[in-house]
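Observations on the three-dimensional arrangement
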Amino acid sequence: MNIFKVKINFEEQGHEPIELPIAEGESVLDVCLENGIELQHNCGGVCGCSTCHVYVNRGMDNIQEIADKEEDFIDRAVNPRINSRLGCQCVIIDGDIEVTLPDQSQFLGH
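Throughout what follows, the structure given in this document is the object of discussion. (Residues numbered from 1 in each chain as written. Predicted model: local features only at pLDDT ≥ 70, side-chain atom pairs only at ≥ 80, totals over all residues. Heavy atoms only, no water.)

Digging into the side chain of Thr 100
Inspection of the secondary structure assignment puts Thr 100 in strand β5 (residues 97–101). Polar side-chain contacts of Thr 100 include one of 2.7 Å to the side chain of Asn 57. Residues contacting Thr 100, with those up to four places away along its chain left out, are Asn 9, Phe 10, Glu 11, Val 54, Tyr 55 and Asn 57. (Helix = DSSP H or I, 4+ residues; strand = E, 2+ residues; numbered from the N terminus. Polar contact = N/O pair within 3.5 Å; in protein donor to acceptor, adjacent residues only side chain to side chain. Contact = heavy atoms within 4.5 Å.)

Concerning the packing of aromatic side chains
All chains considered together, the criterion is met by 0 aromatic pairs. Taking NZ or CZ as reference, Arg 81 lies 3.7 Å from the ring centre of Tyr 55, over its face. (Phe/Tyr/Trp six-rings, centres within 6.5 Å; stacked < 30°, edge-to-face > 60°. Lys NZ or Arg CZ within 6 Å of the ring centre and 35° of its normal.)

A look at the pattern of salt bridges
In this structure the tally under the stated criterion is 4 salt bridges. Residue Arg 81 pairs with Glu 11 through a salt bridge whose shortest N-O separation is 3.1 Å. Of the two residues, Arg 81 is situated in the loop between α2 (68–74) and β4 (84–86) and Glu 11 in the loop between β1 (3–10) and β2 (18–23); the sequence distance between them amounts to 70 residues. Among the residues examined, Arg 81 registers a relative accessible area of 45% and is labelled partly exposed. Between Glu 70 and Arg 85 there is a salt bridge, with the nearest N and O atoms lying 2.8 Å from each other. Of this pair, Glu 70 sits in helix α2 while Arg 85 sits in strand β4, and the two are 15 residues apart along the sequence. Both residues of the pair, Glu 70 and Arg 85, belong to the buried class. (Salt bridge = Lys/Arg side-chain N within 4 Å of Asp/Glu carboxyl O. Buried < 20%, exposed > 50% of the residue type's maximum accessible area, 1.4 Å probe, protein only.)

Brief notes about a negative patch on the surface
A surface patch of like charges, here negative, comprises Asp 68, Glu 71, Asp 72 and Asp 75. Among the secondary structure elements, Asp 68 is positioned in helix α2. (Patch = residues over 30% accessible without salt bridge, like charges linked within 9 Å, V, L, I, M, F, W, Y side chains within 5 Å. Areas by Shrake-Rupley, 256 points an atom, 1.4 Å probe, with all protein chains shown as cover. Lys, Arg positive; Asp, Glu negative; His and termini not counted. Charge placed at Lys NZ, Arg CZ, Asp CG, Glu CD.)

Comments concerning the sheet that holds β1
Reading across the sheet, the 5 strands line up as β2-β1-β5-β3-β4 and stay open at both edges, with mixed pairing between neighbours. The sheet is open, and its two edges are formed by β2 and β4, each paired on a single side. Along the sheet, successive strands turn relative to each other by an average axial angle of 40°, direction set aside. Here β1 runs beside β5; their pairing, made up of 5 bridges, is parallel. Bridge pairing in β5 links Asn 9 to Thr 100. (Pairing = 2+ DSSP bridges. Axes fitted to C-alpha atoms, helices over the stretch in contact; angles between N-to-C directions.)

Notes on the state of the cysteines
Tallying each qualifying case throughout the model produces 0 disulfides. Summary of cysteine pairing: Cys 32 is not part of a disulfide, and the nearest cysteine sulfur, belonging to Cys 52, is at 9.3 Å. (Disulfide = S-S within 2.5 Å.)

Side note on the nonpolar core
Of all hydrophobic cores here, the largest spans 26 residues; its most connected members are Val 6, Ile 8, Val 28, Ile 97, Val 99 and Leu 101. Counting only elements with at least two residues in this core, the list comes to β1, β2, α1 (28–34), β3 (53–58), α2 and β5. If we ignore the near neighbours within four places in the chain, the residues touching Val 28 are Val 6, Ile 22, Gly 87, Cys 90, Ile 97 and Val 99. (Core = buried A, V, L, I, M, F, W, Y, C linked by side-chain atoms within 4.5 Å.)

In structure tokens, the structure reads:
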């Protein structure tokens, strides 16, 4: 199993960027949850909502290609961009990745 790096930036104030190991076949959402980083995932990480929305700054070629279902959910995300993906679908296939997590304080109950 290959181990790569994921750099996580935060839009939310008071959070410094962090670099963590990520294994081949692991998702950005998995790494966040394993390391106590709050990334909403109302559907449980099965590509059934848009709450784990992230921006991929670098390494788009190092994750699985986007599927039609994921594109449909990204269209419903808050402030989608051309580099938007769902954290549950950002599964590493080869190499490092850098993402930015949108401000999570916008979600109710935060």
